Amino acid sequence: MKVKTKLPVLLIFLGMATMIVMFVVFGLLSSFSEFALLVVVFGMVVLTGFYVVFLGLMMLVALSGGISTKAILVLRYQLLMVYPLVEVFFKGEEIRLWLRNQLIEVNNQLMEKCRLKISSREMMILTPHCLQASDCGRKVTGELNHCVVCGRCSIGDLLEIEKKYGVKSVIASGGTLARKAILETRPRFIIAVACERDLTSGLLDMKKLPVWALSNERPLGPCRDTQVDIVALSQVIEKFITN
Ligand code: SF4
């Protein structure tokens, strides 16, 4: 049975609030003696463990479709808050890539369970500049219509997507431009296309905004002549669009 009350949201906030209060109490205790400091460290480890288990359990409930859209978005927010702490413990590039892929996968699964319905005007496709053919002289950043759809890169496909679904794409050459575009157009839902590293930092930057993360294809290596799977992109749009 689906839980549509505010209980899951309250539980998540309660878990977070308990953590904060306990950390403050333990912090005060630690100023008295070394023994208290040991108790503090032990207490923090135990509490963090409980909180992670709690988040994991809530995540399982969310992925089974058992909680409301609002609760899923709150849970996703908490997951994105905790994620940087997880990365701190893992140094290798390979393990970090694996972790980022897991985050992207869980984020998308949570989005799928959200049952959001968004109009084409409120949707935005956000892509990096490296999607454009590196030898193309057309200035498409900020104005996609400068592309003449010659078929050599995915930018032309994005124009086709705009024609078909009415969803606009923004080509951003960096995080600052991406943030500016979001502030100006205020979308309710973003489909972000990028490498796993940029997708992860984008998700962490936009914790409150529903974002579907789509990894790009990099046949020539990072940041050059990258591609987007247009079929996968269309499927994401069709999942969420209302018109
Ligand atoms: S489709 Fe052709 S014109 Fe458009 S950006 Fe790519 S290479 Fe340039």
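For the structure, see preceding data.
Residues numbered from 1 in each chain as written. Predicted model: local features only at pLDDT ≥ 70, side-chain atom pairs only at ≥ 80, totals over all residues. Heavy atoms only, no water.

Helices and strands together make up the secondary structure of the protein, namely eight helices and four strands. Across the protein, helices and strands are ordered from the amino to the carboxyl terminus as α-α-α-α-β-α-β-α-β-α-β-α. Burial statistics for the protein: of 243 residues in total, 43% are counted as buried. Across the protein, contacts joining residues at least 24 apart in sequence account for 66% of those joining residues at least 6 apart. Element-wise, carbon and sulfur atoms account for 65% of the exposed surface of the protein, whose accessible area totals about 13900 Å². (Helix = DSSP H or I, 4+ residues; strand = E, 2+ residues; numbered from the N terminus. Buried < 20%, exposed > 50% of the residue type's maximum accessible area, 1.4 Å probe, protein only. Contact = heavy atoms within 4.5 Å. Areas by Shrake-Rupley, 256 points an atom, 1.4 Å probe, with all protein chains shown as cover.)

The next thing to look at is the state of the cysteines. Throughout the structure, instances matching the rule amount to zero disulfides. Cysteine Cys-195 is unpaired, with the sulfur of Cys-223 as its nearest cysteine sulfur at 6.2 Å. On the basis of relative accessible area, Cys-195 is assigned to the buried category, the value being 18%. Lacking any disulfide linkage, Cys-223 is separated from the closest cysteine sulfur, that of Cys-130, by 5.5 Å. (Disulfide = S-S within 2.5 Å.)

For the rest of this paragraph, the subject is the environment of Leu-103. Within the secondary structure layout, Leu-103 lies in helix α4 (residues 93-113). Classification of Leu-103 as buried rests on a relative accessible area of 4%. Placed 24 residues apart in sequence, Leu-103 and Leu-79 show a C-alpha to C-alpha distance of 8.7 Å. Those residues in contact with Leu-103 that sit more than four places away from it in its chain are Leu-79, Leu-80, Tyr-83, Thr-200 and Leu-203.

Taken together, Gln-132, Ala-133, Cys-136, Cys-147, Val-148, Cys-150, Gly-151, Arg-152, Cys-153, Ile-155 and Gly-156 make up the full set of residues adjacent to the ligand. Here the shell around the ligand is composed, by residue class, of seven nonpolar, three polar and one charged. (Near = heavy atom within 4 Å. Nonpolar A, V, L, I, M, F, W, Y, C, P; charged D, E, K, R; others polar.)

Here the focus is the sheet that holds strand β2 (residues 168-172). Taken in spatial order, the four strands of this open sheet run β2-β1-β3-β4, and their pairing is parallel. Here the strands that pair on one side only, and so sit at the sheet edges, are β2 and β4 (211-215). The average undirected angle you get between the axes of adjacent strands in this sheet is 20°. Contacts from helix α5 (residues 155-165) reach β1 (123-128) and β2 within the one sheet, and its direction differs from that of β2 by about 150°. Sheet contacts for helix α6 (residues 175-185): β1, β2 and β3 (189-194); angle to β1, the most-contacted strand, approximately 165°. (Pairing = 2+ DSSP bridges. Axes fitted to C-alpha atoms, helices over the stretch in contact; angles between N-to-C directions.)

In total, this model carries eleven salt bridges according to the counting rule given. Between Glu-87 and Arg-100 there is a salt bridge, with its nearest N and O atoms 3.0 Å apart. You can see Glu-87 sitting in helix α3 (residues 69-88) and its partner Arg-100 sitting in helix α4, a full 13 residues away along the chain. Across the pair, Arg-100 and Glu-87 agree in class, each one buried. The residue Arg-152 makes a salt bridge to Asp-135 at a minimum N-O spacing of 2.8 Å. (Salt bridge = Lys/Arg side-chain N within 4 Å of Asp/Glu carboxyl O.)

Let us look at α6. For α6, the complete set of buried residues consists of Ala-178, Ala-181 and Ile-182. Down the axis of α6, the buried set is contained in an arc of 100°. They therefore lie on one face. Exposed positions of α6 whose direction lies more than 90 degrees from the buried face are Thr-176, Leu-183 and Glu-184. Next to the buried residues of α6 lie β1, β2 and β3. The positive-phi residue at the C-terminal boundary of α6 is Arg-186, with phi of around 45°. (Arc of directions from axis to C-beta.)

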